[in-house]
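Summary of the model geometry
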Amino acid sequence: MGRIRPATMVARLFAVLALCVTSAVAGGSWSNGTATFYGGKDASGTMGGACGYGNLYTQGYGVYNAALSSVLFNDGASCGQCYLVMCDVSRAPAWCKAGTAVTVTATNLCPPNWALPNDNGGWCNNPRPHFDMSQPAWENIGIYRAGIVPIVYQQVKCWRQGGVRFSVSGFNYFELVLITNVAGSGSIRSMSVRGTNTGWITLTRNWGANWQCNSALVGQALSFEVTSTGGHRLRFENVVPAWWEFGMTFTSNQQFDY
Ligand SMILES: *[C@@H]1O[C@H](CO)[C@@H](O)[C@H](O)[C@H]1NC(C)=O
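Residues numbered from 1 in each chain as written. Predicted model: local features only at pLDDT ≥ 70, side-chain atom pairs only at ≥ 80, totals over all residues.

Looking now at the overall build of the protein. What the protein contains, in helices and strands, is 3 helices and 15 strands. Every one of the 258 residues in the protein was classed for burial, and the buried ones make up 42%. Summarising the internal contacts of the protein: among those between residues at least 6 apart in sequence, 71% fall at separations of at least 24. (Helix = DSSP H or I, 4+ residues; strand = E, 2+ residues; numbered from the N terminus. Buried ≥ 20, exposed ≤ 12 C-beta atoms within 10 Å, placed from the backbone. Contact = placed C-beta atoms within 7 Å.)

Encoded structure:
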């Protein structure tokens, strides 16, 4: 063992702190997985994606994001969740940046590639837990040339600036509500809408973080009752004003804790 450089010591200390904080929040344990990166140096190629968030900058998610393999993506139920990821130095000392960690938000699906075996290119095939991370996120934990690295990961609490946002799209009697900038669990278990002239109507997940209903809601102020995956229920009273139009986004002043 040579001398440990101060920078390395700081990095290790950070990792230990990250472990403590995370354990306190999530009480979780680490799982093994693998990670690659995609989408370019500025993460522009990670915009869009199977959660429906579109522009990740404007929707509050930023560039530290990842596409999850099917087993983690869970048909979109994991959209918005946050994961703390560390490169597994013990298994790949040459490819990992030791003593570092990064938190990423699940914003996309990494689709299976059945033409390739799951240990050689088909990283996102079942049953592999795999994170295809944005390059800026990846560069915190892995060496650029590595391509793929073993990781340990666990789900953690999400932190967001400002309140939960609702985007309404659709046509006539079909509303698609995209919920974004969700803190706490980051992901949604269930959601209902109430118009000025209606009772509560249960929404169903259509795709990613988009929830749908088939009701005449045009011209009415809309309230939402939303339960996070962690069980925190919030009511967003009249968060969408009566003058809403398809394509508009409205920001609430409430946020999830868990
Ligand atoms: C992760 O992999 C290591 C090394 O192969 C193993 O010792 C450990 O038990 C695994 N952890 C889990 C949670 O599967």
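What follows picks up the thread again.
Cis rather than trans, the peptide bond between asparagine 126 and proline 127 has omega equal to 0°. In this model, aspartate 75 sits at a positive phi of 55°, which is unusual for a non-glycine residue. On the secondary structure map, aspartate 75 appears in the loop between helix H2 (70-73) and strand E3 (82-87). Judged by the 12 C-beta atoms lying within 10 Å of it, aspartate 75 falls in the exposed class. One non-glycine residue, asparagine 172, lies in the positive phi region at around 50°.

For strand E5 (residues 130-134), a buried count of 5 out of 5 residues is recorded, marking the element as mostly surrounded by other parts of the structure. Pairing analysis gives 5 bridges linking strand E1 (residues 31-38) to E5, with the strands arranged parallel. Counted as the bridge partner of phenylalanine 37 is methionine 133 from E5. One ladder, built from 3 bridges, connects strand E2 (residues 65-68) with E5; its direction is antiparallel. The residue of E5 that forms the bridge with alanine 67 is aspartate 132. (Pairing = 2+ DSSP bridges.)

With that settled, consider the sheet that holds E3. Taken together, the 6 strands give a closed barrel; going around it, the order is E1-E5-E2-E4-E3-E6, and neighbouring strands pair in mixed fashion. Across the sheet, the axes of successive neighbouring strands diverge by a mean angle of 45°, strand direction being ignored. Of the pairings in the sheet, the one linking E1 to strand E6 (residues 149-156) comprises 5 bridges and is antiparallel in character. Paired with serine 31 across the strands is tyrosine 153, a residue of E6. (Axes fitted to C-alpha atoms, helices over the stretch in contact; angles between N-to-C directions.)

Next up on the list: the nonpolar core. In a soluble, globular protein the nonpolar side chains are often hidden away together inside. Ranked by size, the top nonpolar core spans 64 residues in total, and within it Leu68, Val85, Val104, Phe131 and Ile179 carry the most contacts. Counting residues per element, this core draws most heavily on E3, which supplies 6 residues. Two domains share this core, each providing at least three of its residues, namely domain 1 (6-156) and domain 2 (165-251). (Core = buried A, V, L, I, M, F, W, Y, C linked by C-beta atoms within 7 Å. Domains from an automatic or database assignment.)

Turning to the pairing of strand E4 (residues 102-109), a few remarks are in order. Taking burial as the measure, the 8 residues of E4 include 7 buried ones, the bulk of the element. Bridge analysis of E2 against E4 gives 4 bridges, and the strand direction is parallel. Note that in E4 the partner of leucine 68 across the bridge is leucine 109. By the bridge criterion, 4 bridges tie E3 to E4 in an arrangement that is antiparallel. From the neighbouring strand, valine 85 faces E4, where its bridge partner is valine 102.

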